[in-house]
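Notes for the structure review
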Amino acid sequence: MSIRSRSAGFTLVELLTAVAILGVLVTLAGVAVFHGTSRVRVNNAAFEVGALYSAAQMRATSMGVPHYVVFHDDGKEFGVYLLERADSLGAFNWASDDVMNASAVGGVRHEHLALSRESGLGFMDLSAPRADFTSLPAPFTSIALSPSGTGHLLGGCTFCTEGTGGARGVIRFSPDGTVQVMTGGAPPGGVVAFIPDSHKPGSARWVVIAAPAGAIRVF
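Residues numbered from 1 in each chain as written. Predicted model: local features only at pLDDT ≥ 70, side-chain atom pairs only at ≥ 80, totals over all residues. Heavy atoms only, no water.

**With respect to the pairing of strand 8 (residues 189-195)**
- Taking burial as the measure, the seven residues of strand 8 include seven buried ones, the bulk of the element.
- Two strands pair when backbone bridges link them, and strand 8 and strand 9 (residues 205-210) are joined in this way by six bridges, in the antiparallel orientation. Of the residues in strand 9, the one forming a bridge with phenylalanine 194 is arginine 205. (Buried < 20%, exposed > 50% of the residue type's maximum accessible area, 1.4 Å probe, protein only. Helix = DSSP H or I, 4+ residues; strand = E, 2+ residues; numbered from the N terminus. Pairing = 2+ DSSP bridges.)

So, in structure tokens, the structure goes:
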């Protein structure tokens, strides 16, 4: 008695099911990669800004010349740069004048982080309900976690203000080791909070500096 062997192969239903499962897996992998990359960019931005604070502090004390960390946001591009500027150049109105006008500001720029080029990176809305921090731990407890304005840099910064050319926040590092917030009326110090997208949930990073002592921390 002969036995007929069943021909090997897949039915159309099985093939379509396999394709559908593969599509779901590819989508989930893409989402995981995107959000993972966004978190990495937020972490990198926060630690780069923290490093810029440290560099400004060290350069000011070692060279005997004031250094400034300047945040800027014109609504389209945002970033932060390190400026060496001697007091002999005269006063500059950090709160209102154009901080991106190099000839008007004077001094020497040593580093510029163009943060807006990092896709998906934005500023946290400090006015939104949050579970991570209701107040900062010591020695930063005197710094209020209130936004200086709405939207973009102003929403994620406690010491920034609006002026010619857009929003800005400026911190001065003096040769004697002290720190002074030059914008926004925040004498205890300031906070800038980054997030993957300011309109969607995500892991925020806080860059905090206390004045006048100059303690720096990334949370």
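Still to come is the rest of the account.
**Quick word on the nonpolar core**
- With 34 residues, the main nonpolar core has Tyr53, Phe159 and Phe194 as its most contacted residues.
- In this structure, Phe133, Ala193, Ala204 and Trp206 belong to the second largest nonpolar core, which totals 15 residues. (Core = buried A, V, L, I, M, F, W, Y, C linked by side-chain atoms within 4.5 Å.)

**Overview of the pattern of salt bridges**
- Under the definition given, this model contains three salt bridges.
- Taking the shortest distance from any N to any O, the salt bridge between arginine 41 and glutamate 118 comes out at 3.5 Å. Taken as a pair, arginine 41 in helix 1 (residues 12-63) and glutamate 118 in the loop between strand 3 (108-113) and strand 4 (122-123) lie far apart in primary sequence, 77 residues in all.
- In this structure arginine 41 comes out as partly exposed when scored by relative accessible area, which is 28%.
- For glutamate 118, a relative accessible area of 34% translates into the label partly exposed.
- Residue glutamate 84 pairs with arginine 59 through a salt bridge whose shortest N-O separation is 3.5 Å. Taken as a pair, glutamate 84 in strand 2 (residues 78-84) and arginine 59 in helix 1 lie far apart in primary sequence, 25 residues in all.
- Overall, arginine 59 belongs to the partly exposed group, its relative accessible area being 26%. (Salt bridge = Lys/Arg side-chain N within 4 Å of Asp/Glu carboxyl O.)

**Considerations on the environment of leucine 52**
- Along the chain, leucine 52 turns up in helix 1.
- According to the relative accessible area criterion, leucine 52 is buried, its value standing at 2%.
- In this structure, the C-alpha to C-alpha distance between leucine 52 and glutamate 111, residues 59 residues apart in sequence, is 8.3 Å.

**Quick notes on the state of the cysteines**
- Tallying each qualifying case throughout the model produces one disulfide.
- For cysteine 157, the disulfide goes to cysteine 160, at an S-S distance of 2.1 Å. The disulfide joining cysteine 157 to cysteine 160 has a torsion of about 85° about its S-S bond and is therefore right-handed. (Disulfide = S-S within 2.5 Å.)

**Description of the side chain of glutamine 57**
- As for its position among the elements, glutamine 57 is in helix 1.
- Here the side chain of glutamine 57 touches glycine 214 through a polar contact of 3.1 Å, landing on its backbone oxygen.
- Contact partners of glutamine 57, with chain neighbours within four places excluded, come to Phe173, Gly177, Val179, Ala213, Gly214 and Ile216. (Polar contact = N/O pair within 3.5 Å; in protein donor to acceptor, adjacent residues only side chain to side chain. Contact = heavy atoms within 4.5 Å.)

**Concerning the layout of surface pockets**
- Its boundaries defined by the atoms lining it, the second largest pocket holds a volume of some 210 Å³.
- Surrounding the second largest pocket, 18 residues form its lining, His72, Asp74, Glu77, Phe78 and Met100 being those nearest its centre.
- Of all the elements in the fold, those that place two or more residues in the lining of the second largest pocket are strand 1 (67-73), strand 2 and strand 6 (166-173).
- When residues in the lining of the second largest pocket are grouped by element, the largest group, three residues, is from strand 6.
- Grouping the amino acids of the lining of the second largest pocket by side-chain chemistry returns five nonpolar, seven polar and six charged. (1 Å grid on protein atoms, 1.4 Å probe; cavity = no way out; pocket = protein on both sides within 12 Å on 5 of 7 lines; lining within 4 Å. Points joined across faces, edges and corners; volume = space filled by probe spheres on them. Nonpolar A, V, L, I, M, F, W, Y, C, P; charged D, E, K, R; others polar.)

**Structural notes on the environment of valine 40**
- Along the chain, valine 40 turns up in helix 1.
- Note on valine 40: relative accessible area 45%, which makes it partly exposed.

**Describing the confidence of the model for the protein**
- When pLDDT is averaged along the protein, the result is 86; 82% of the residues meet or exceed 70.
- Low pLDDT, under 50, characterises residues 1-6; the predicted model gives this stretch zero contacts beyond four residues in sequence or across chains.
- With pLDDT under 50 throughout, residues 23-36 is counted as low confidence; its partners more than four residues away or in other chains account for zero contacts. (pLDDT = per-residue confidence, 0-100.)

**Some remarks on unusual backbone geometry**
- Alanine 138 connects to proline 139 through a cis peptide bond whose omega is 5°.
- Cis geometry is found at the peptide bond from alanine 211 to proline 212, where omega equals 5°.
- Here proline 212 is to be found in the loop between strand 9 and strand 10 (216-218).
- A positive phi angle, close to 50°, is found at histidine 152, a residue other than glycine.
- Examined against the element boundaries, histidine 152 turns out to sit in helix 3 (residues 152-155).

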